[in-house]
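# Summary of structural features
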Amino acid sequence: MSLPPESREEAIARLNKSASDLEARTAPPLSHEAAGQAAAGQAWKIIADLFGGVFVGLAIGFGVDHFAGTSPVGIIGGVLLGFALSVWMAWRTAQRLMAEANKSGEPKSVPFDDEDEGA
């Protein structure tokens with residue numbers, strides 16, 4: 001009894017699924033230090049989003065004021081719009097990170113480490 005022939009795309013999809021399953025089983029778990037560094041990197045990304053949105057809004061508002069001649073209105077509006085956009089981007093990033101953390105099943109907190117304290 002022979003198996004029915006499968007198309008090239010089906011064979012590639014089956015092999016990719018097998019490879020990803022194998023990689024998931026053999027990948028070493030993240031250490032606390034590596035997990036902390038990844039979390040710090042994501043925190044810096046959120047901070048950069050917050051500051052970047054405000055500064056971009058400030059620059060756009062300054063440009064509008066310069067060319068339209070509406071002295072403080074463009075800067076104020078640009079900063080407020082940039083702040084609102086940056087808060088939305090930070091919220092979206094935080095939601096994505098929470099979804100990834102809930103999906104991965106990692107612990108919610110890192111246990112207390114006594115080794116850092118000098119007695």
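Since this is a predicted model, take the numbers as computed values, not measurements.

### Points about the overall build of the chain
The helix and strand tally for the chain stands at 3 helices and 0 strands. Traced from its N-terminal end to its C-terminal end, the chain shows the element sequence α-α-α. Buried positions account for 11% of the 119 residues belonging to the chain. Within the chain, contacts between residues at least 6 apart in sequence are counted, and of these 59% link residues at least 24 apart. If you sum the accessible surface of the chain, you get close to 10,000 Å²; carbon and sulfur atoms cover 68% of it.

### Points about the packing of aromatic side chains
Overall, the coordinates contain 1 aromatic pair when judged by the stated rule. Between the aromatic rings of Phe51 and Phe55, the centroid separation amounts to 6.4 Å while the plane-to-plane angle is 20 degrees, which identifies the pairing as stacked. Here the residue Phe51 and the residue Phe55 both occupy positions in helix H2 (residues 32–68), the gap between them amounting to 4 residues, near one helical turn. The exposure class of Phe51 is exposed, given its relative accessible area of 52%.

### Overview of the confidence of the model for the chain
Here the chain averages 82 in pLDDT, and 80% of its residues register 70 or above. When mean pLDDT is compared element by element in the chain, helix H3 (residues 71–104) scores highest at 88, while helix H1 (residues 8–26) scores lowest at 84.

### Thoughts on the pattern of salt bridges
If you walk through the whole model with that rule in mind, you get 3 salt bridges. Ionic pairing is found between Asp49 and Lys45, a salt bridge with its closest N-O pair at 3.2 Å. Taken together, the residues span about one helical turn, with Asp49 and Lys45 both in helix H2 at a distance of 4 residues. Overall, the relative accessible area of 13% leaves Asp49 in the buried class.

### As for the side chain of Ser86
If you trace the backbone, Ser86 turns up in helix H3. Once residues within four sequence positions are removed from consideration, Ser86 is found in contact with Asp49, Leu50, Gly53 and Val54.

### Some details on the side chain of Asp65
For Asp65, the location among the structural elements is in helix H2. Despite its burial, Asp65 pairs with no opposite charge; the closest candidate is Arg92, at 26 Å N-O. Each residue touching Asp65, except ones within four places of it in the same chain, is listed here: Thr70, Ser71, Pro72, Val73, Gly74 and Ile75.

Quick notes on the rules
- Residues numbered from 1 in each chain as written.
- Predicted model: local features only at pLDDT ≥ 70, side-chain atom pairs only at ≥ 80, totals over all residues.
- Heavy atoms only, no water.
- Helix = DSSP H or I, 4+ residues; strand = E, 2+ residues; numbered from the N terminus.
- Buried < 20%, exposed > 50% of the residue type's maximum accessible area, 1.4 Å probe, protein only.
- Contact = heavy atoms within 4.5 Å.
- Areas by Shrake-Rupley, 256 points an atom, 1.4 Å probe, with all protein chains shown as cover.
- Phe/Tyr/Trp six-rings, centres within 6.5 Å; stacked < 30°, edge-to-face > 60°.
- pLDDT = per-residue confidence, 0-100.
- Salt bridge = Lys/Arg side-chain N within 4 Å of Asp/Glu carboxyl O.
- Lys, Arg positive; Asp, Glu negative; His and termini not counted.

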